[in-house]
Each structure stands twice: as C-alpha cells, then as structure tokens.
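Architecture and fold: a report
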Amino acid sequence: MWTLKAAALGVVALTVSVELLGWLVRRLRPGRILNEVLFFPSEVACVEHIFTPSSPHSCLCPMPHGVETSFSRLLHYILSSSSSLDLCVFAFSNMDLCRAVLALQSRGVTVRVLTDKDYAAIQGSQIGVLRKAGISVRCNVDSVYMHHKFAVVDGRLLITGSLNWTLTAVQSNMENTIVTQEPDLVRPFVREFQRLWVHNDPARDLHSIVTGNAVYIFRLR
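Described below are features of the structure shown in this document. Quick caveat: nothing in here was measured; it's all calculated off a predicted structure.

Cut-off values and rules
Residues numbered from 1 in each chain as written. Predicted model: local features only at pLDDT ≥ 70, side-chain atom pairs only at ≥ 80, totals over all residues. Heavy atoms only, no water. Helix = DSSP H or I, 4+ residues; strand = E, 2+ residues; numbered from the N terminus. Buried < 20%, exposed > 50% of the residue type's maximum accessible area, 1.4 Å probe, protein only. Contact = heavy atoms within 4.5 Å. Areas by Shrake-Rupley, 256 points an atom, 1.4 Å probe, with all protein chains shown as cover. Core = buried A, V, L, I, M, F, W, Y, C linked by side-chain atoms within 4.5 Å. 1 Å grid on protein atoms, 1.4 Å probe; cavity = no way out; pocket = protein on both sides within 12 Å on 5 of 7 lines; lining within 4 Å. Points joined across faces, edges and corners; volume = space filled by probe spheres on them. Nonpolar A, V, L, I, M, F, W, Y, C, P; charged D, E, K, R; others polar. Pairing = 2+ DSSP bridges. Axes fitted to C-alpha atoms, helices over the stretch in contact; angles between N-to-C directions. Expected span 1.5 Å × (residues − 1). Arc of directions from axis to C-beta.

On to the overall build of the protein chain. Along its length, the protein chain carries 7 helices and 9 strands. Scored against the burial criterion, the 221 residues of the protein chain give a buried share of 36%. The contacts in the protein chain between residues at least 6 apart in sequence include a share of 70% that link residues at least 24 apart. Accessible surface, the protein chain as shown: approximately 13,700 Å² in total, 60% of it carbon and sulfur.

Okay, here's the thing in structure tokens:
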C-alpha cells in the first residue's frame, strides 16, 4: 500500500516539476520575432474600424465589414508606429495609406518620406497632400528612378516587397509584402534610408565647382 502511495506521489511530483519547468522556459525564452508575408491583390473590405476603433457607430458603407485582409494587416502595421515612420516608395496614390500616414503625423509620430520626383507630380499622387500637412518629403535628385518600396516603423519593423502604395497595386496587381522584425534585415534598410535621406537633401542642390581661380555655382535639375 505504501509503495503504491509513494509511486502515486512520485508521479504527481514529476508532473508538477515538468509543468513548472515548461513555465520557466516560456518565461525566460525571448519573445517571438514577427515575420509575416502578405499577398495582393487584397480582398476589398471596409477599413474604417482600423482608423476609428473606438467609434460607437458602425460604418454604413456597402463594402464587407469585419473581414481581415492583406490590406487591413498592412494598415495595422503602419498605424502601430509610436515614434517614427520612414517611408521610401516609388508611387504613392492610395488614399487610405495616405490617411494612415496623416494619422501618424497627427499623433506626433516623426514621418519622413522619400519618393520618385517624376511620380510625385502625377495626377492622383498623395505626396502633395503629405507636404501640405507638414510631413518631410524628399525626392531623388539623380536621374535614376527611386524605385524602392519599403517602410521602417519605429526603427524596428520592416515592411518591404513589390507593392507600390497605389490603389491598383493593392486591389488589382499580383504583389507581395514581407513584414519582419529580424534585426539583421531591418538594420540595412535603416542605414539605406538614412543614406538616401542625406543624399537627397535639398540643401545639397546647390554645388560649387572650383576651376583654377573661378568658382561656378549651378543647380542640379
């Protein structure tokens, strides 16, 4: 009888020990690093709840509601910024994405945008809207396209892929976007954005060339 009781107590003790060990491992293990892939075109659905989650009134638009899509996930990651958003994008005409960037600006998030000088001026571009809101925008000074499509959120979250920030890309094109917190991937994009930001500083637009005793001042086009 005592042998059976001792064996039973031993089993209970072993079970408790295993559960305790599992709990300790979970507590001590570093948090899981975010890695997600989003594919487009995205299903068309209402995204109003993302912008006004605390609103007591539901949106009355005819689009589907309560549907999580690739686009709603993208908006979620952009709006998760608490301190900074560095955006480098070729074409930017999507009004919901513009709305997200403006929302960050209104919350005091530091927003910097790098874009292509030709596409910044096309009809429907939201770059002018961002500038009017006081957001810092710089265009490429070189003759090559600014063809990047990436964003860095709070210096820790990278959003990159083939997706331009346009309605066509979101709703009609076969596109991909990777969202990751992998430091080895985020850091190079942080450095590249800063390099491009300095390189395309408008203050560098005026240059001087010294030839002999003459100094020629010219403006790059």
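Leu74, Ile78, Phe92, Leu130 and Trp165 are the most contacted members of the largest nonpolar core, which has 39 residues in total. In contact with Leu74, other than residues within four places in its own chain, are Leu38, Phe40, Leu97, Ile159 and Leu163. Judged by nonpolar contacts, the second largest core, of 10 residues, contains Cys88, Met146, Val186 and Phe193.

Following the criterion strictly, the structure yields 1 cavity of 30 Å³ or more and no others. What the largest cavity holds in volume is close to 50 Å³. Considering the residues around the largest cavity, the lining is formed by Leu74, Lys149, Phe150, Ile159, Thr160, Gly161, Leu163, Trp165 and Thr177. When contributions to the lining of the largest cavity are tallied by element, the ones reaching two or more residues are β5 (149-153) and β6 (157-161). Top element by residues in the lining of the largest cavity is β6. It accounts for 3 residues. Taken together, the residues of the lining of the largest cavity break down into 5 nonpolar, 3 polar and 1 charged.

Pairing is mixed across the open sheet formed by 7 strands, whose spatial order is β1-β7-β6-β5-β2-β3-β4. The sheet terminates laterally at β1 (35-40) and β4 (136-139), the two strands that pair on one side only. Sheet twist, expressed as the mean angle between neighbouring strand axes with direction ignored, is 10°. As judged from the 4 bridges shared by β6 and strand β7 (residues 175-180), these two strands associate in the antiparallel manner. Within β7, the position partnered with Gly161 by the bridge is Thr177. Each of β2 (84-89), β3 (110-115), β4, β5, β6 and β7 touches helix α7 (residues 183-199); the most contacted strand, β3, lies at about 75° to it.

In this model helix α4 (residues 95-106) runs 16 Å from its N-terminal to its C-terminal C-alpha over 12 residues, within 8% of the 16 Å that 1.5 Å per residue would give. Regarding α4, the residues found buried are Leu97, Cys98, Ala100, Val101 and Leu104. Along the long axis of α4, the arc covered by the buried residues comes to 155°, so they all point the same way. Every exposed residue of α4 that faces more than 90 degrees away from the buried side is listed here: Met95 and Ser106.

The two faces of the sheet receive side chains in turn, since in a regular strand these alternate between them. For β1 and β7, the ladder comprises 6 bridges, and the chain directions are antiparallel. Paired with Phe40 across the bridge in β7 is Glu175.

Following Phe40, the chain continues to Pro41 via a peptide bond in cis, the omega torsion being 10°. The phi dihedral of Asp154 falls on the positive side, at around 55°, and the residue is not glycine. Mapped onto the fold, Asp154 is located in the loop between β5 and β6.

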